[in-house]
Amino acid sequence: MPLTKHNHPEHWIQVRPAGLYCIPAETYIDPWQAVENAIITHGHADHARAGHENVWATPATMAIMRVRYGEQHSPAQHHIEFGERIQLPGAEPVFMTFYPAGHILGSAQVLLEYRGARLVMTGDYKRTPDPSCEPFVAIPCDVFITEATFGLPVFQHPPIQHEIQKLLSSLARFSERTHLVGVYALGKCQRVLLGLREAGYTKPIYLHGAMLKLVQLYQTFGFDFGECIAVSDVSDLNLLAGEVVLAPPSALTDRWSRKLPNVLTGMASGWMQIRARTKQKGAELPLMISDHCDWQELLDSISEVNPQEVWVTHGREDALMHQAQKMGYVARALRLVGYDDE
Amino acid sequence: MMNKLSELFDALYFTASNKAKSVLLREYLATTCDPERGWAIAALAGTLQFTHYKRNTVKKLILERVDPVLFALSYDYVGEMSETVAHLWPNEPDPDFVMPTLSEFVAFMQTAKKSEIETQLIYLLNNCSPNLRWTLLKLGTGGLRVGLSARRLKHILAEYGQSHQAAVTVHDIENLWHGLTPPYTDLLLWLENSGPKPDISEKVVFHPVLLAHPLQEDDKEKVTYTDYLAEYKYDGIRVQIVVKDTEKALFSRTGDNISHSFPDVLADFNLPGVYDGELLAMREGVIGSFNDLQQRLNKKKPSKKLQAEYPCGLVLYDALFVPTSIVEPKKEKLTCQTEQSIKNICHLTLVERKRYLRATMQCFESTISLFSEAFTVHNTAELDQLRTEACSDPSGYTEGLMLKRKDSPYTPGRPKGVWYKFKRDAQLVDAVIMYAQRGHGKRSSFYSDFTFGLWQNDPAQDALSEQPKLLPIGKAYSGFTDIELKELDKWVRKNTIGRFGPVKEVNKTLVFEVAFDAAHASKRHKSGVALRFPRIHRIRWDKPALEADTLPIFKKTHQIK
């Protein structure tokens, strides 16, 4: 349906101080303050916050929020399956459907339909295969709101197998060193675990305490990570020399990591492609493993969805907007500023 | 071979500890043949340069391939040219491609014509992985920045020599270094105990200088003042002047040959030997201000007019080599003849060297050099008093005092307890941040380069009539901790009100306490003020911007019209 003055999303979607807002549904998407109605795309802390009155999220995302914020993180938790079309609050009907975003377990794109206009908000997403979550699907729409975390042509994420191999080679070459790898506790951790197992690594993998609950949650969803041991359960830490330890990035340089023997620090993140970023994280072994689209994936997604307009949210908006315009789309930047870089 | 080099550079870049870097480099030297390894050292030392393969060559080629807007945004984000290009260059592999060795590459780049170089470079980049591209690009654009200082490199070379039982110290390498040229085959063979020590006695070379430590408060109690000579610290640039036979050269403190910038000084200087001193603005023996000297700095070919307008001269304070003819018959008087050969006196004490220096200056008349007189300070009170006088000297060419140990030989580097500098305190001003830009190198992708300004008028009064206005007085990108860097980056992102390409204009609400060495008049800035070596001293999250300093008062305090 052509966009008109009557149904163009620019009239019913707004950037408000609390986040992206759908006026007729009186509902926010991933607000960074507690609000009345919130659609949550995925469980990362900068997108899923506690304390909303009503939450619409996929069952997996809701489970993640309960692990992080407790059973009662919100009084009204609406579990919505992928593909299930529901009507949001508000006098005039706005319909919402979740589709997989391929970012982490439970991550969803949000399709909103209002007066015949279709708007897709991707949330965070990626196109490379990831066994820890459902793959992204391109949904036809009029306005496509895409993230742009890695929205610069310098970003080309290599296949995860390649990066896992880098870690394994380093383990073989420096067999006396504890390979401490920084990974985000939600998503990246589980993906790296699966990646190591897929590459044939069968030894136990050691985990920082902050990882345990979420790894267990993934296990209840049926994922098999092989033998994982909490570092706090290891009686003699010297035995960790030559092993893989996964920890949140913040633990790489704090006191916790100093008790490990002969540490070689790695970091698994899309930012590791930029040399200086690796240094800034205090890492010596950069593993370019990202849960976001790289530049080419962003462009491919825009072409595939082929919307009338591309709206670019958090990240490097300028470059992606420029490129989308060159590709013939109407493009604008939403300049949502509340989200972390990754 | 090129792959091996690229792996070495990457490993050095990502390895943090100096010890591990040394192991990596020595492993490379032991397993790589000549002249490959010598060219690698040249690349690490920054002594590998090509006439027709430079930064601009690379920039031109990438802009022929990538949308300029996307290139600019990428470069702004990555903060490093070679890395940006390495990632952006389109992959176009040729199945018949064979990678040249490093020495083939160097030979080609040194001898080929400009157009051939471009063609070959394009072909190479088309066929390389991003990591290899980065190495190739770094060879041309210079400034490898793999976290290995020139000094560390020489330490590692010495360690390499010691592992082959060669009797070599880092001083030996420092002393030889500036007389050697890539690919350093003679040096490497000597280090491996399979060749003679390279002979550089005939060459006009830079000799690494003796550097001073700042005098800290607690040093004052440790120092026995009578063991030291005091001198004024002149506010110019540190230079070394070398005169051997018919050749002469003027070097900066880091060994850059700056002869071309000061032909007038070199022409009038005829003392055979190697001398350590300060280059200053000087007319007929009268020293001028740093501001005058500044007109002469970084001018590759100063015009006759500029030379006449801003003449320069030297204040000499030490001698490393003096004419052989200057002998020391008795303690009191040195005699001289007119012979030109020179001898090394670095092993002598400071007192003896100064005596030689004075005698040489008396024998060989020089119209443009002055002798730095030494005196004795007896206690802390006297020291503080003298420093205060030196710093507030109205002529403005001294910026503090030096203390130099009387019995010390001249050793390169920064030995402890030998030379102290006691400079004037940094001055401070509260300025408001106006613009921010992403940083380079280790500050890559963070907003860390700041332009700050002062209120044009008193904002309290201004507010009644019109919008108060800031005028920029300088830029700074250092002085804060890594944590502050992240906080500032976040602040900039939240407070951006405008964009001019890579520059972000921010809310005029945050105050920096800026430290600087001196303030002087400048025609380049609208404010009419320029600061010397500004750095961020403190971030005043607490201070309201309207209470920052004003330009009229700042100018008055610093006597700028």
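What you see is a predicted model; the values in this text were computed from it and never measured.

1. Brief notes about the domain arrangement of chain A
Residue and element names in this part refer to chain A.
Working step 1: Here the domain parsing of chain A yields domain 1 (9-154 + 292-333) and domain 2 (160-287).
Working step 2: Distance between the C-alpha centres of domain 1 and domain 2: 30 Å.
Working step 3: Contact with domain 1, which involves 19 residues of that partner, is made by 13 residues of domain 2.
Working step 4: Regarding the contact of domain 1 and domain 2, the summed buried area is about 1,500 Å², with carbon and sulfur atoms giving 74% of it.
Working step 5: Looking only at domain 1, the three residues that lose the most surface to domain 2 are Val67, Leu105 and Phe150, adding up to 33% of its buried area.
Working step 6: Across the contact surface, domain 1 and domain 2 share 1 salt bridge.
Working step 7: Salt-bridge contacts for Asp130 lead to Arg191; the nearest nitrogen and oxygen are separated by 3.8 Å.
Working step 8: Taken together, the connections running from domain 1 to domain 2 amount to 3 residue pairs in polar contact (both at pLDDT 80 or more).
Working step 9: Its residues assigned to classes, the side of domain 1 that touches domain 2 comprises 10 nonpolar, 5 polar and 4 charged.

2. So, the sheet that holds strand E1 (residues 213-214) of chain B
Residues and elements named next belong to chain B.
Working step 1: Sheet architecture is open: 4 strands sit in the order E1-E11-E10-E2, paired in mixed fashion. Edge positions in the open sheet fall to E1 and strand E2 (228-234), since each of these has one partner strand only.
Working step 2: Contacts between helix H18 (residues 380-391) and the sheet are confined to E2, strand E10 (398-405) and strand E11 (419-423), with E10 contributing the most and set at about 140° to the helix.

3. Observations concerning the sheet that holds strand E4 (residues 37-39) of chain A
All names here are of chain A.
Working step 1: Here we have 6 strands laid out as an open sheet, ordered E1-E2-E3-E4-E5-E6, and mixed in their pairing. Each edge of the open sheet is held by one strand with a lone partner, namely strand E1 (13-16) and strand E6 (76-79). Strand-to-strand twist in this sheet, taken as the mean axis angle between neighbours without regard to direction, amounts to 25°.
Working step 2: In this fold helix H2 (residues 59-69) packs onto strand E5 (54-57) and E6, with an angle of close to 145° to the strand it touches most, E6.

4. Topic: helix H11 (residues 170-177) of chain B
Working step 1: Those residues of H11(B) lying buried are Val170(B), Ile173(B), Glu174(B), Leu176(B) and Trp177(B).
Working step 2: Those residues of H11(B) hidden inside the fold are in contact with helix H3 (36-45), helix H10 (150-162) and helix H12 (185-191) of chain B.

5. Comments concerning helix H9 (residues 130-141) of chain B
All names here are of chain B.
Working step 1: Taking 1.5 Å as the rise per residue, H9 with 12 residues should run 16 Å; its terminal C-alpha atoms sit 16 Å apart, in good agreement.
Working step 2: With 10 of 12 residues buried, H9 is to be regarded as a mostly interior element.
Working step 3: Along H9, the residues classified as buried are Leu132, Arg133, Trp134, Thr135, Leu136, Leu137, Lys138, Leu139, Gly140 and Thr141.

6. Comments concerning the interface of chain A and chain B
Working step 1: Contact with chain A, which involves 27 residues of that partner, is made by 29 residues of chain B.
Working step 2: Both faces considered, chain A and chain B share a buried interface measuring about 2,500 Å² in area, 54% of it formed by carbon and sulfur atoms.
Working step 3: Between Arg499(B) and Asp318(A) there is a salt bridge, and its shortest N-O distance comes to 2.8 Å.
Working step 4: Put simply, the parts of the chain that give the side of chain A that touches chain B at least two residues each are helix H7 (275-280) and helix H9 (317-326) of chain A.
Working step 5: Counting residues per element, the side of chain A that touches chain B draws most heavily on H7(A), at 6 residues.
Working step 6: Class assignment of the residues belonging to the side of chain A that touches chain B gives a composition of 11 nonpolar, 6 polar and 10 charged.

7. A short note on the packing of helix H4 (residues 188-198) of chain A against helix H5 (residues 209-220) of chain A
All names here are of chain A.
Working step 1: Contact geometry of H4 with H5 gives a least axis separation of 10 Å together with a crossing angle of 65°. Judged by the sense of rotation from one axis to the other, the crossing of H4 with H5 is right-handed. Contacts between H4 and H5 pair Cys189, Gln190 and Leu193 from the former with Met211, Leu214, Val215 and Tyr218 from the latter.
Working step 2: Residue classes in the contact of H4 with H5 are distributed as 6 nonpolar, 1 polar and no charged.

8. What to know about the domain arrangement of chain B
Residue and element names in this part refer to chain B.
Working step 1: By the assigned domains, chain B splits into domain 1 (213-423) and domain 2 (427-557).
Working step 2: The centre of domain 1, based on its C-alpha atoms, is set 37 Å off from the matching centre of domain 2.
Working step 3: Listed by partner, the interface residues are 5 residues for domain 1 and 4 residues for domain 2.
Working step 4: Carbon and sulfur atoms make up 33% of the area that domain 1 and domain 2 hide from each other, which totals about 340 Å².
Working step 5: Broken down residue by residue, the surface that domain 1 buries against domain 2 is led by Phe290, Asn291 and Gln294, which jointly contribute 68%.
Working step 6: Linking domain 1 with domain 2 are 2 salt bridges.
Working step 7: There are 1 residue pair in polar contact (both at pLDDT 80 or more) connecting domain 1 and domain 2.
Working step 8: A total of 3 residues in the side of domain 1 that touches domain 2 trace back to one element, the largest contributor, which is helix H15 (residues 290-294).
Working step 9: Grouping the constituent residues of the side of domain 1 that touches domain 2 by class yields 1 nonpolar, 2 polar and 2 charged.

Procedures and definitions
- Residues numbered from 1 in each chain as written.
- Chains lettered and ligands numbered in written order.
- Predicted model: local features only at pLDDT ≥ 70, side-chain atom pairs only at ≥ 80, totals over all residues.
- Heavy atoms only, no water.
- Domains from an automatic or database assignment.
- Contact = heavy atoms within 4.5 Å.
- Buried area = accessible area lost by both parts, 1.4 Å probe.
- Salt bridge = Lys/Arg side-chain N within 4 Å of Asp/Glu carboxyl O.
- Polar contact = N/O pair within 3.5 Å; in protein donor to acceptor, adjacent residues only side chain to side chain.
- Nonpolar A, V, L, I, M, F, W, Y, C, P; charged D, E, K, R; others polar.
- Pairing = 2+ DSSP bridges.
- Helix = DSSP H or I, 4+ residues; strand = E, 2+ residues; numbered from the N terminus.
- Axes fitted to C-alpha atoms, helices over the stretch in contact; angles between N-to-C directions.
- Buried < 20%, exposed > 50% of the residue type's maximum accessible area, 1.4 Å probe, protein only.
- Expected span 1.5 Å × (residues − 1).
- Left-handed = near helix turned anticlockwise from the far one by under 90°.

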